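# Structural characterization, general
Given next are the chains, with one letter for each unit.
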Amino acid sequence: MNPKVRTRFAPSPTGPLHMGGVRTALFAYLFAKKHGGDFLLRIEDTDQNRYVSGAEDYIIEALHWCGITIDEGVPMGGPYGPYRQSERKELGIYNKYAEQLVTSGHAYYAFDTPEELENMRNRLISAGEVAPQYNGTSRNTMVNSLTLTADELKQKLESGTPYVIRLKMPLGENVTFTDIIRGEVTVNSSLVDDKVLLKSDGMPTYHLAHIVDDVLMEITHAIRGEEWLPSAPAHIMTYRYLGWADKMPQYAHLPLLLKPDGNGKLSKRDGDRLGFPVFPLNWTDPVTGELSSGYKERGYYPEAFVNMLAFLGWNPGTEQEIFSMDELVEAFSFEHVHKSGARFDPEKTKWFNEQYLRMQPVSDLADRLRTSVMKEFNYDASDVRLSEKFLHRTVELLKDRIHFESEMIPTGNYLFETPHEYDQPTIAKKWKDQYLSFFKELVNSLQQLNEFSIAEVDGAIKATAAANSLKPGEIMHLLRVFISGQGVGVDLLGMLELLGKDEVVKRLNNALQMINDKTNS
RNA sequence: GGCCCGUUCGUCUAGGGGUCUAGGACAUCUCCCUUUCACGGAGGAAACACGGGUUCGAUUCCCGUACGGGCUACCA
């Protein structure tokens, strides 16, 4: 029987998680859930120089907002804890396995200083080497436990000379492994350098830490970005040298997310440069105070964001595009994950949001609109504009015209407030003095209506127009401007009915006063 | 530069030798609906990078070229 599927998302807390990271987490989550497994969050905080405070909380909040639920790991813990590598270091595991590799002859101590490393690279470059590396050939010229005598080594170690432990990559060996997405990948071991496994500060590098942790946490599938493909052979070798070939998770290297414009992978800087967020949530840089905008605060539904993300590099193989998280879990498979990078399109993201907006129940939108209205305007609790009926109808009038819920008030502001300004270009274009009597009569006619319904109002407008030998088409646009102040907007008759007799009459009188003032000035 | 990975409409993609006069979606254009603008509906334009093979037959398989992406740290 196959072991229970366990996948993990293992970001390093160096800043806010960007959407590429969220997608990696999403695919790992979908795969785990599809197979009835667990999804873990491990924090890879082995680089103390790049640690950013708040980043870990941000990652947790972002995943939560997206509906990606963590079964185990940071923050709640679990049977394989701790789940932060800085804390796991205290367990002595990284040290232990690094030493084990040294003992078995698959790794060695290296005492070279940064200057010496730099010199070595320059030396190789001037010797015509295009890719200077610390590897099977150059290590013989360096200061390490392979070139030092036993006494020299002992002396260095005892005097506390800083050292790293490097993986001893073999020369000229073909390393083959199977990637779930790319199939069989073969790389010659000569091409990959002797990776540092343990740094001089005692911390492991990613190369060692993720392997030790994946095995100890019984991870079955290691899902990560394509940028790791070149170092995968080093990882494969490490598993073998540690005697963990049978415990190695299956690797899946995901295609990268590319910039909507120009070249290269999507970066944290692209978002605000191009006017769309690259982060799920707002992020304020703790050092510079600079704000990067997030999808949440921009008014995107997490479901829309996730749906969009899922379709970057993956497809269900059918023509269905709108998927709930449950449906994504059901449909997900690596067979339908692309090999090539996906250019991200902000326009499509908006479209996804619109789709989710249209699916919202009107009553839910009305409830949320009430909250916004109360915040925006100082209405009395008994104000009709806070009534169920008014809000419900407002939502119906507005919802198909907007991309975000947050646009309801800005787009429909004239439904909440009597206009103070009017679209003068439209008035100038349409207005004729002979319309004055029509509008005056219309006010009277509307005032006499017992029932202020669409049908009644429509009837009154038509009758008054006919009495003035006007075609309704002539004055409808002006009527809209007089009522809403704007030339475009929601259905006119629907708006009149919603506003009600008193408000409509009031607005009409205001507008006629405005016309009068203009004429006299 | 070297190495690795990739290459279907502008973008995301369907497609695993004949069903491809290459399908869908976003964006774009036209028309319809609408006494506004949207929404909605209908339609249009728009792609197999190139060159060699293999094959009766290649978008689909192989090789090369071009292009794109990634990596090339005591960062992940």
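Presented here is an overview of the structure given in this document. For clarity, every value in this text was computed on a predicted model and none was experimentally measured. (Residues numbered from 1 in each chain as written. Chains lettered and ligands numbered in written order. Predicted model: local features only at pLDDT ≥ 70, side-chain atom pairs only at ≥ 80, totals over all residues. Heavy atoms only, no water.)

The next subject is the environment of R23. As for its placement among the helices and strands, R23 is situated in helix α1 (residues 19-34). Using a relative accessible area of 2% as the deciding quantity, one classes R23 as buried. C-alpha separation for the pair R23 and M142, spaced 119 residues apart in sequence, amounts to 42 Å. With residues near it in sequence (within four places) discarded, R23 still touches L254, P255, L256, L257, L309, L312 and G313. A polar contact is formed between the side chain of R23 and the backbone oxygen of L312, at a distance of 2.5 Å. (Helix = DSSP H or I, 4+ residues; strand = E, 2+ residues; numbered from the N terminus. Buried < 20%, exposed > 50% of the residue type's maximum accessible area, 1.4 Å probe, protein only. Contact = heavy atoms within 4.5 Å. Polar contact = N/O pair within 3.5 Å; in protein donor to acceptor, adjacent residues only side chain to side chain.)

Right, let's get into the layout of surface pockets. Empty space within the largest pocket amounts to approximately 1,200 Å³. Lining the largest pocket are 42 residues, with P11, S12, R50, E227 and W228 positioned closest to its centre. Across the lining of the largest pocket, the residue classes break down as 16 nonpolar, 14 polar and 12 charged. (1 Å grid on protein atoms, 1.4 Å probe; cavity = no way out; pocket = protein on both sides within 12 Å on 5 of 7 lines; lining within 4 Å. Points joined across faces, edges and corners; volume = space filled by probe spheres on them. Nonpolar A, V, L, I, M, F, W, Y, C, P; charged D, E, K, R; others polar.)

On to the packing of aromatic side chains. One pair of aromatic rings is described through two measures. These are the centre distance and the angle between the planes. Scanning the model with the defined rule gives 29 aromatic pairs in all. Considering the side-chain rings of Y300 and F404, the 4.8 Å spacing of their centres and the 75° angle between planes classify their relative orientation as edge-to-face. Within this pair, whereas Y300 is found in the loop between β13 (291-292) and α10 (302-310), its partner F404 is found in the loop between α14 (388-398) and α15 (408-411), the two being separated by 104 residues in sequence. Y300 sits in the buried class, given a relative accessible area of 9%. Its relative accessible area of 8% is what places F404 among the buried residues. Put simply, the rings of F27, F31, F311, W314, F323, F332, F334, W351 and F352 pair up and form one aromatic cluster. Positioned over the ring face of Y80 is R6, at 4.2 Å from the centre of the ring. (Phe/Tyr/Trp six-rings, centres within 6.5 Å; stacked < 30°, edge-to-face > 60°. Lys NZ or Arg CZ within 6 Å of the ring centre and 35° of its normal.)

So, on to the pairing of strand β1 (residues 6-9). What you see with β1 is no split at all: R6 and R8 on one side and T7 and F9 on the other are buried throughout. Bridge analysis of β1 against strand β2 (residues 38-41) gives four bridges, and the strand direction is parallel. Looking across to β2, one finds that R8 is bridged to L40. At this point the chain moves from β1, through α1, to the parallel β2, and the crossover so formed is right-handed. (Pairing = 2+ DSSP bridges. Right-handed = clockwise from strand over helix to strand, strands pointing away.)

What follows covers the protein's contact with RNA strand B. Near RNA strand B there are 58 residues, and of these R182, N263, N315, R401 and P472 occur at the shortest range. Across the atoms of RNA strand B situated within 4 Å of the protein, the share located in sugar and phosphate is 71%. Within the backbone of Y206, one N or O atom sits 3.4 Å away from a phosphate oxygen of RNA strand B. Here a sugar or linking oxygen of RNA strand B and a side-chain polar atom of E319 are 3.1 Å apart. Put simply, the parts of the chain that give the surface near RNA strand B at least two residues each are α5 (114-126), β5 (164-167), β14 (342-343), α12 (346-359) and α20 (472-484). Each residue belonging to the surface near RNA strand B can be placed in one class, and the counts come to 20 nonpolar, 14 polar and 24 charged. (Near = heavy atom within 4 Å.)

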